[in-house]
Amino acid sequence: MRFLYVAPRYHTNQIPVMKGLIEHGHSVFFFSHYAGKIEDYSQVVPEIIGYSALFKLINFFHTRVFHRKDPMAADWKLLCGFPPILKMNRRIREVNPDLVILRERSVYSVVTFLICKRRKIRTILYNQSPLYGEVKTDMAHRAVNKLTPKMRITPVIGNPEEKKDPKAFFVPFIMELQCAPDKKEYCQNGEIHIFTVGKYEKRKNLLMMTRVFRELSKAYAIRLTIAGECSSAFHKEYYETLREYIASNRLEDKVTLLQNLKREEMNRIYERTDLFVLPSTLEPASISQLEAMAFSIPVICSDTNGSACYVENGHNGYLFRDNEEKSLKEAMEKIIKDPGLLKEMGRNSYQDVKEKYQFENYYEGVMECICSREE
């Protein structure tokens with residue numbers, strides 16, 4: 001088959017999917033709105049379709065004039081941006097895909113879907129709205145739903161006690177196995193190495209994480225490494241706030257801040273990590289938990305994180321109450337104080353990735369969605 005993915009950017013979580021499709025004999029194409037600051041093109045090089053010249057003009061006034069002091073102003077393009085229509089139409093015609101997978105319900109996706117519909121190309125939606133949860137049926141949502149693919153795939157399960165979306169299929173994040181537990185050296189130099197990732201912005205709760213670390217470091221031999229994107233003035237401002245906190249509390253010898261790391265550099269950190277913590281709030285879903293699990297590392301994340309479904313309390317990590325510093329500290333301490341539990345959870349993390357989150361699991365879900373669409 002000829003697969004075409006259309007998404008805002010080529011994200012790290014696409015790499016094992018691209019590799020799996022190619023290894024199974026499929027052709028893969030990727031159209032993106034823009035290029036991210038940190039991307040790995042080892043499997044597929046995305047084609048930057050970009051935005052319409054008209055939208056670029058509108059976006060200039062939105063971000064540089066009317067909302068120039070808003071650090072999140074640029075994000076509106078993810079919902080409202082639209083492609084150069086003639087270029088998109090031409091490239092879809094030339095690629096001639098058997099299946100198009102669109103990322104999120106947005107103006108960009110609406111335009112692309114209408115082009116595909118006109119050309120009778122099978123199209124499904126990929127977003128991170130839960131499999132189980134409220135299905136909104138107000139007029140606005142009904143209108144958008146009619147202008148985007150009917151069937152969708154999601155890596156987020158949600159609450160199974162709620163109603164299942166009949167047009168959605170669970171297709172998990174997938175990850176290549178990296179370091180088996182019997183080959184991993186835990187607690188090197190008698191210290192527990194903690195790793196946290198996230199853009200240097202308030203929503204990622206990196207300052208809260210550092211405060212919790214400070215308290216725990218008084219009783220335990222631990223180290224913290226934070227790695228994140230630092231590419232905007234707002235990122236740099238938050239980075240400086242974090243750096244000043246570390247300096248004022250004399251944590252420089254225990255806390256390391258890193259910026260804009262490549263995939264290989266991240267992997268080297270995972271190799272020596274004992275505990276992975278994702279303290280962010282308002283997280284639709286994140287792939288980094290599975291990255292850590294593939295290195296036989298236990299995971300802690302917020303109970304509102306879309307990827308919380310990949311973490312089972314007491315099995316491969318713990319969930320803490322979103323935005324609650326005390327709850328985060330308690331979850332971390334449960335693991336830090338018991339190296340034996342840490343290693344057991346690391347083994348469970350690796351086994352979960354091996355059994356549940358491989359390419360075959362992804363492909364099976366996509367095919368199920370396609371077959372259901374054709375019924």
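Residues numbered from 1 in each chain as written. Predicted model: local features only at pLDDT ≥ 70, side-chain atom pairs only at ≥ 80, totals over all residues. Heavy atoms only, no water.

Q: Mind showing me how you'd approach the packing of helix H7 (residues 206-216) against helix H8 (residues 233-248) here?
A: Each packed pair of helices is defined by two parameters, the angle between the axes and the distance between the axes. Between H7 and H8, the shortest axis-to-axis distance is 10 Å and the interhelical angle comes to 10°. For the element pair H7 / H8, the angle class is roughly parallel. Of H8, the residues touching H7 (which contributes Leu-206, Leu-207, Thr-210, Arg-211 and Arg-214) are Tyr-238, Thr-241, Leu-242, Tyr-245 and Ile-246. Residues belonging to the contact of H7 with H8 are distributed by class as follows: six nonpolar, two polar and two charged. (Axes fitted to C-alpha atoms, helices over the stretch in contact; angles between N-to-C directions. Helix = DSSP H or I, 4+ residues; strand = E, 2+ residues; numbered from the N terminus. Parallel < 35°, antiparallel > 145°, perpendicular 65-115°, else oblique. Contact = heavy atoms within 4.5 Å. Nonpolar A, V, L, I, M, F, W, Y, C, P; charged D, E, K, R; others polar.)

Q: Please clarify how helix H11 (residues 325-336) should be interpreted in this entry.
A: Along an α-helix, residues three or four apart share an orientation, since each turn contains 3.6 residues. Compared with an ideal rise of 1.5 Å per residue, which puts 12 residues at 16 Å, H11 spans 16 Å between its outermost C-alpha atoms and is within 8% of the ideal. Three or more residues of H11 are buried, namely Ser-327, Leu-328, Ala-331, Met-332, Ile-335 and Ile-336. Here the buried residues of H11 occupy an arc of 165° about the axis, which is enough to place them on one side. (Expected span 1.5 Å × (residues − 1). Buried < 20%, exposed > 50% of the residue type's maximum accessible area, 1.4 Å probe, protein only. Arc of directions from axis to C-beta.)

Q: What exactly am I supposed to notice about the side chain of Ser-296 here?
A: Relative to the assigned elements, Ser-296 resides in the loop between helix H10 (288-293) and strand S12 (299-302). A polar contact of 2.6 Å, which involves the side chain of Ser-296, links it to the backbone oxygen of Cys-179. Not counting residues up to four positions away in its chain, the partners in contact with Ser-296 are Cys-179, Ala-180, Pro-181, Lys-184, Tyr-186, Gly-346 and Tyr-350. (Polar contact = N/O pair within 3.5 Å; in protein donor to acceptor, adjacent residues only side chain to side chain.)

Q: Please explain a nonpolar patch on the surface as it appears in this structure.
A: A surface patch of nonpolar side chains, about 500 Å² in accessible area, is lined by Leu-57, Phe-60, Phe-61, Val-65 and Phe-66. Its place among the elements puts Val-65 in helix H2 (residues 53-66). (Patch = residues over 30% accessible without salt bridge, like charges linked within 9 Å, V, L, I, M, F, W, Y side chains within 5 Å. Areas by Shrake-Rupley, 256 points an atom, 1.4 Å probe, with all protein chains shown as cover. Salt bridge = Lys/Arg side-chain N within 4 Å of Asp/Glu carboxyl O.)

Q: How do you make sense of the nonpolar core when you look at a structure like this?
A: Note on soluble globular proteins: their nonpolar side chains tend to be buried together. Formed by 53 residues in total, the largest nonpolar core has its most connected members in Tyr-5, Tyr-270, Phe-276 and Tyr-362. If sequence neighbours within four positions are ignored, Tyr-362 has contacts with Tyr-5, Val-17, Ile-101, Val-171, Pro-172 and Ile-174. The next biggest cluster of nonpolar side chains, apart from the first, holds 36 residues, and it includes Tyr-186, Leu-242, Tyr-245 and Phe-320. (Core = buried A, V, L, I, M, F, W, Y, C linked by side-chain atoms within 4.5 Å.)

Q: Is there a simple way to explain the side chain of Glu-229 in this structure?
A: Topologically, Glu-229 is positioned in the loop between strand S9 (222-228) and H8. Side chain to side chain, Glu-229 and Ser-231 meet in a polar contact 2.6 Å long.

Q: Would you explain the sheet that holds strand S1 (residues 2-7) in this entry?
A: Working definition: the strands of a sheet are paired by backbone hydrogen bonds and lie parallel or antiparallel to each other. Taken together, the seven strands give an open sheet; going across it, the order is S3-S2-S1-S4-S5-S6-S7, and neighbouring strands pair in parallel fashion. On the outer flanks of this sheet lie strand S3 (47-48) and strand S7 (168-170), each paired with one strand and no other. Looking at chain direction, strand S5 (residues 122-126) and strand S6 (residues 152-154) are connected through two bridges and run parallel. Along S6, the bridge assignment pairs Tyr-126 with Ile-153. In the packing of helix H5 (residues 107-118) onto the sheet, contacts are made with S1, strand S2 (27-32), strand S4 (99-103) and S5, and the angle to S4 comes to roughly 165°. (Pairing = 2+ DSSP bridges.)

Q: Just to check I follow, could you spell out the packing of helix H4 (residues 85-95) against H5 for this structure?
A: At a closest axis distance of 10 Å, the pairing of H4 and H5 adopts a crossing angle of 45°. Here H4 lies oblique to H5, going by the angle between them. Crossing geometry of H4 relative to H5 is assigned as right-handed. Counting all contacts with H4, which are made through Ile-85, Met-88, Asn-89 and Ile-92, the residues of H5 involved are Tyr-108, Val-111, Thr-112, Ile-115, Cys-116 and Arg-118. Residues that form the contact of H4 with H5 fall into these classes: seven nonpolar, two polar and one charged. (Left-handed = near helix turned anticlockwise from the far one by under 90°.)

Q: Honestly, a negative patch on the surface in this entry has me stumped. Any pointers?
A: A cluster of acidic residues, Glu-134, Asp-138, Glu-161 and Glu-162, forms a negative patch at the surface. Within the secondary structure layout, Glu-134 lies in the loop between S5 and helix H6 (139-146). On the accessibility criterion, Glu-134 (68% relative accessible area) is exposed. (Lys, Arg positive; Asp, Glu negative; His and termini not counted. Charge placed at Lys NZ, Arg CZ, Asp CG, Glu CD.)

Q: Can you help me understand unusual backbone geometry in this one?
A: Across residues other than glycine, the phi torsion is negative in most instances, and most of the peptide bonds are trans. Positive phi is not limited to glycine here, since Glu-104 has a value of about 70°. Topologically, Glu-104 is positioned in the loop between S4 and H5. One non-glycine residue, Asn-260, lies in positive phi territory at about 50°. Mapped onto the elements of the fold, Asn-260 is located in the loop between strand S10 (255-259) and helix H9 (263-271).

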